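# Inside the fold
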Amino acid sequence: GPSAGVAIALALISLLTKRPAHRNVSITGEMTLTGQVLPIGGVREKLLAGVRTGCVKAILPAQNEEDVSVLKDDVTGHLEIIYIDSLDEAIPHLLV
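Overview of the structure. These numbers come from a predicted model, not from an experiment. (Residues numbered from 1 in each chain as written. Predicted model: local features only at pLDDT ≥ 70, side-chain atom pairs only at ≥ 80, totals over all residues. Heavy atoms only, no water.)

## Thoughts on the overall build of the chain
For clarity, the cut-off: Only DSSP runs of H or I covering at least 4 residues are called helices, and only runs of E covering at least 2 are called strands; the numbering of each starts at the N terminus. Throughout, the radius of gyration refers to the C-alpha atoms, and the reference size of a globule is 2.2 Å times the residue count to the power 0.38. For every residue, the accessible area (1.4 Å probe, protein chains only) is compared with the maximum for its type, and the residue is labelled buried under 20%, exposed over 50%, or partly exposed between those bounds. Per-residue accessibility takes into account occlusion by the displayed protein chains alone, with areas from the Shrake-Rupley method and a 1.4 Å probe. Here Asp and Glu are counted as negative and Lys and Arg as positive; His is not counted, and neither are the chain ends. A charge is said to be at NZ when it belongs to Lys, at CZ for Arg, at CG for Asp and at CD for Glu.
Each helix and strand counted, the chain has five helices and five strands in total. Mapped from its N terminus to its C terminus, the chain presents α and β elements in the order α-β-β-β-α-β-α-α-β-α. Compactness check: the chain gives a C-alpha radius of gyration of 13 Å against a globular reference of 12 Å for 96 residues, within 12% of the reference. Taking the principal axes of its C-alpha atoms as reference, the chain extends roughly 40 × 25 × 20 Å. Within the chain, the proportion of its 96 residues that are buried is 39%. For the chain, the computed accessible surface area is about 5700 Å², with 56% contributed by carbon and sulfur atoms. Each charge class in the chain was averaged separately, 8 positive and 11 negative side chains, and the resulting centres sit 12 Å apart.

## A look at unusual backbone geometry
A positive phi angle, near 60 degrees, is found at Lys18, a position not held by glycine. Along the chain, Lys18 turns up in the loop between helix H1 (5–17) and strand S1 (25–27). With relative accessibility at 73%, the residue Lys18 sits in the exposed group.

## So, the side chain of Thr28
Which entries qualify depends on this criterion: Here a polar contact is taken to be a pair of N or O atoms separated by no more than 3.5 Å, where protein atoms must pair a possible hydrogen donor with a possible acceptor and residues adjacent in sequence count only if both atoms sit in side chains. Here, residues are in contact when the closest pair of their heavy atoms is within 4.5 Å.
Turning to its location among the elements, Thr28 is positioned in the loop between S1 and strand S2 (30–31). Within polar-contact distance, the side chain of Thr28 engages the backbone oxygen of Ser3 at 3.2 Å. Discounting residues that sit within four places of it in the chain, Thr28 has contacts with Ser3, Ile40, Lys46, Ile59, Leu60 and Pro61.

## Here we look at the packing of H1 against helix H5 (residues 87–94)
For any two helices packed against each other, the geometry is given by the interaxial angle and the distance between the axes. What counts here: A fitted line through C-alpha atoms represents every axis, and for helices the fit uses only the stretch in contact; the resulting angles, taken between N-to-C directions, go from 0 to 180 degrees. Any angle that is under 35 degrees is reported as roughly parallel, and any over 145 degrees as roughly antiparallel; angles of 65 to 115 degrees are reported as roughly perpendicular and all others as oblique. The sense of a crossing depends on the near helix, which, turned anticlockwise from the far helix by less than a right angle, makes the crossing left-handed and, turned clockwise, makes it right-handed. Three classes are used, and their members are as follows: Ala, Val, Leu, Ile, Met, Phe, Trp, Tyr, Cys and Pro are nonpolar, Asp, Glu, Lys and Arg are charged, and the others, Gly among them, are polar.
Two elements in contact, H1 and H5, have axes whose closest approach is 11 Å; the angle formed by their N-to-C orientations is 60 degrees. The angle between the axes of H1 and H5 places the two elements in the oblique class. Remark: the crossing between H1 and H5 carries right-handed chirality. Across from Val6, Ala9, Leu10 and Ile13 in H1, the residues of H5 making contact are Leu87, Ala90, Ile91 and Leu94. Within the contact of H1 with H5, the residues separate by chemical class into eight nonpolar, no polar and no charged.

## So, the sheet that holds S1
Put simply, the rule reads: Pairing between strands is defined by DSSP: at least two bridges between the two strands are required.
Judged by pairing direction, the sheet is parallel, and its three strands sit side by side in the order S1-S4-S5 without closing on themselves. The sheet is open, and its two borders are formed by S1 and strand S5 (80–84), each paired with just one other strand. Strand-to-strand twist of the sheet, defined as the mean angle between neighbouring strand axes without regard to direction, takes the value 20 degrees. Pairing of S1 with strand S4 (residues 57–61) involves three bridges; the strand directions are parallel. Across the sheet, Ile27 pairs through a bridge with Ile59, a residue of S4.

Have a look at this one:
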């Protein structure tokens, strides 16, 4: 779906630059053609899925920061959460 835009773009960047992605980082976000990251829905569910699969870091759209602030620590306490406004900001957090 549209929430995978940033993940798909980073997968292509990883492929083209031959830089592997960290396996314990989850990422989500809708993206425009100019690389701006837009907010997504289902933040709680996406963070829980990341925790269940062993992620230690989650990269989310900056516009979803308020959605995360209302979640309980059992959802967010196991993750370092990074907020991004553009695709460029995600690259150093995801690619080796």
